[in-house]
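Remarks on the overall topology
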Amino acid sequence: MKQRQIFFNVFLISIFSFFSCQSNSGFKIPGEREIINKNIASEYFAIADGYADLKKYDKAAQYYKLAMKDKGVAKSAYYKMARCYALGKNYKQAEEAYENLLKLDPDNTDIKLSLAYIHAMNGKNEKALSEYQVLVKENPENSAILENYINLLMFNQKFEDADAQFKILSQKFPDNKNLQNLEEKINSKLDKSSEIPPEQPPL
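Note that this is a predicted model, so its numbers are computed, not measured.

Definitions and cut-offs
- Residues numbered from 1 in each chain as written.
- Predicted model: local features only at pLDDT ≥ 70, side-chain atom pairs only at ≥ 80, totals over all residues.
- Heavy atoms only, no water.
- Axes fitted to C-alpha atoms, helices over the stretch in contact; angles between N-to-C directions.
- Helix = DSSP H or I, 4+ residues; strand = E, 2+ residues; numbered from the N terminus.
- Parallel < 35°, antiparallel > 145°, perpendicular 65-115°, else oblique.
- Left-handed = near helix turned anticlockwise from the far one by under 90°.
- Contact = heavy atoms within 4.5 Å.
- Phe/Tyr/Trp six-rings, centres within 6.5 Å; stacked < 30°, edge-to-face > 60°.
- Buried < 20%, exposed > 50% of the residue type's maximum accessible area, 1.4 Å probe, protein only.
- Expected span 1.5 Å × (residues − 1).
- Polar contact = N/O pair within 3.5 Å; in protein donor to acceptor, adjacent residues only side chain to side chain.
- Core = buried A, V, L, I, M, F, W, Y, C linked by side-chain atoms within 4.5 Å.

1. So, the packing of helix 6 (residues 109-121) against helix 7 (residues 125-138)
Here helix 6 crosses helix 7 at 155°, and the two axes come no closer than 8 Å. Between helix 6 and helix 7, the angle is such that the two are roughly antiparallel. The way helix 6 lies across helix 7 gives a crossing that is left-handed. Where helix 6 approaches helix 7, its residues Thr 109, Lys 112, Leu 113, Leu 115, Ala 116, Tyr 117, His 119 and Ala 120 are matched on the opposing element by Asn 125, Lys 127, Ala 128, Glu 131, Tyr 132, Leu 135 and Glu 138.

Below, the structure written as structure tokens:
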């Protein structure tokens, strides 16, 4: 069903483009070009959403980029394009896109968290650790951020630091369902084969 909807949207774009070419040969209606471009961008956006729902993130990112030509949806399309880069594990382009997003919205915790995760996936572990440390301080009541920070510390074999943060987690959030699992990992000091990166935050 999703695939059929995508094909239908592509068909609509071809129709918009056809009538655009036809009108160019005759009298130009004021504002017509802007309306056509807006409609085409809207269809590109819908196609991108369809591909994203199908988890075809590379194709979705391509169409979000095309949709950005319309200023009305440019910001939303850019955010969704960045998200698709991250979900598709294209971390190099995701990093660039999320850094641009953070410049536009420097106080957005979700963007900061996503960027810290992307830095870790790009091998910039010290930078990611520094960012998570700041995020933990800025969000003291968010147990998920602290858990991710602990996982990243363990991934970088900083077990004493991880243990210190775990004690804070267990004291502040005694009902956290992941406490036992985290404690076992720290106590066993994770051999190399069992190391895991931080979990992907909601993007």
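Resuming the write-up.
2. Comments concerning the side chain of Glu 95
In this fold, Glu 95 is placed in helix 5 (residues 91-104). Once residues within four sequence positions are removed from consideration, Glu 95 is found in contact with Leu 115, Ile 118, His 119, Asn 122 and Lys 124.

3. Considerations on the packing of aromatic side chains
The description of an aromatic ring pair rests on the distance of the ring centres and on the angle between the ring planes. By the definition in use, this model includes 4 aromatic pairs. Each ring, one from Tyr 51 and one from Tyr 63, has its centre 5.8 Å from the other, and the planes form 25°; the classification is stacked. You can see Tyr 51 sitting in helix 2 (residues 32-53) and its partner Tyr 63 sitting in helix 3 (residues 57-67), a full 12 residues away along the chain. Residue Tyr 51 shares its accessibility class with Tyr 63, and that shared class is buried. Ring centres of Tyr 91 and Tyr 117 lie 6.4 Å apart, and the angle between their planes is 75°; on these two criteria the pair is classed as edge-to-face. Residue Tyr 91 is located in helix 5, and its partner Tyr 117 is located in helix 6; the two are separated by 26 residues in the primary sequence. Like Tyr 91, the residue Tyr 117 is buried in the burial classification.

4. Describing helix 8 (residues 143-155)
Here helix 8 spans 18 Å end to end across 13 residues, near enough to the 18 Å set by a 1.5 Å rise per residue. Burial analysis of helix 8 places 10 of its 13 residues in the buried class, which makes it a mostly covered element. For helix 8, every residue scored as buried is listed here: Ile 145, Leu 146, Glu 147, Asn 148, Tyr 149, Ile 150, Asn 151, Leu 152, Leu 153 and Met 154. Buried residues belonging to helix 8 abut helix 6, helix 7, helix 9 (159-172) and helix 10 (179-188). Taking the backbone nitrogen of Ala 144 as reference, a side-chain oxygen 3.1 Å away marks Asn 142 as the first, capping residue of helix 8. Positioned one or two residues after helix 8, Gln 157 has a phi angle of 60°, which is positive.

5. So, the nonpolar core
Core analysis: the largest hydrophobic core is formed by 54 residues, its most contacted members being Tyr 64, Tyr 98, Tyr 132 and Ile 150. Examining the composition of this core, we find that 8 residues originate from one element, helix 4 (residues 74-87), more than from any other.

6. A word on the environment of Glu 138
The topology assignment puts Glu 138 in helix 7. With relative accessibility at 44%, the residue Glu 138 sits in the partly exposed group. Placed 29 residues apart in sequence, Glu 138 and Thr 109 show a C-alpha to C-alpha distance of 8.9 Å. A polar contact is formed between the side chain of Glu 138 and the side chain of Lys 112, at a distance of 3.3 Å.

7. A look at helix 9
Taking 1.5 Å as the rise per residue, helix 9 with 14 residues should run 20 Å; its terminal C-alpha atoms sit 20 Å apart, in good agreement. Buried positions along helix 9 lie against helix 8 and helix 10.

8. Some words on unusual backbone geometry
Glycine aside, a negative phi is what most residues show, and trans is what most peptide bonds show. For Lys 55, which is not a glycine, the phi torsion comes out positive at approximately 65°. When you line up the elements, Lys 55 lands in the loop between helix 2 and helix 3. In the Ramachandran plot, Lys 89 falls in the positive-phi region, its phi being about 65° despite a non-glycine side chain. By the secondary structure assignment, Lys 89 is in the loop between helix 4 and helix 5.

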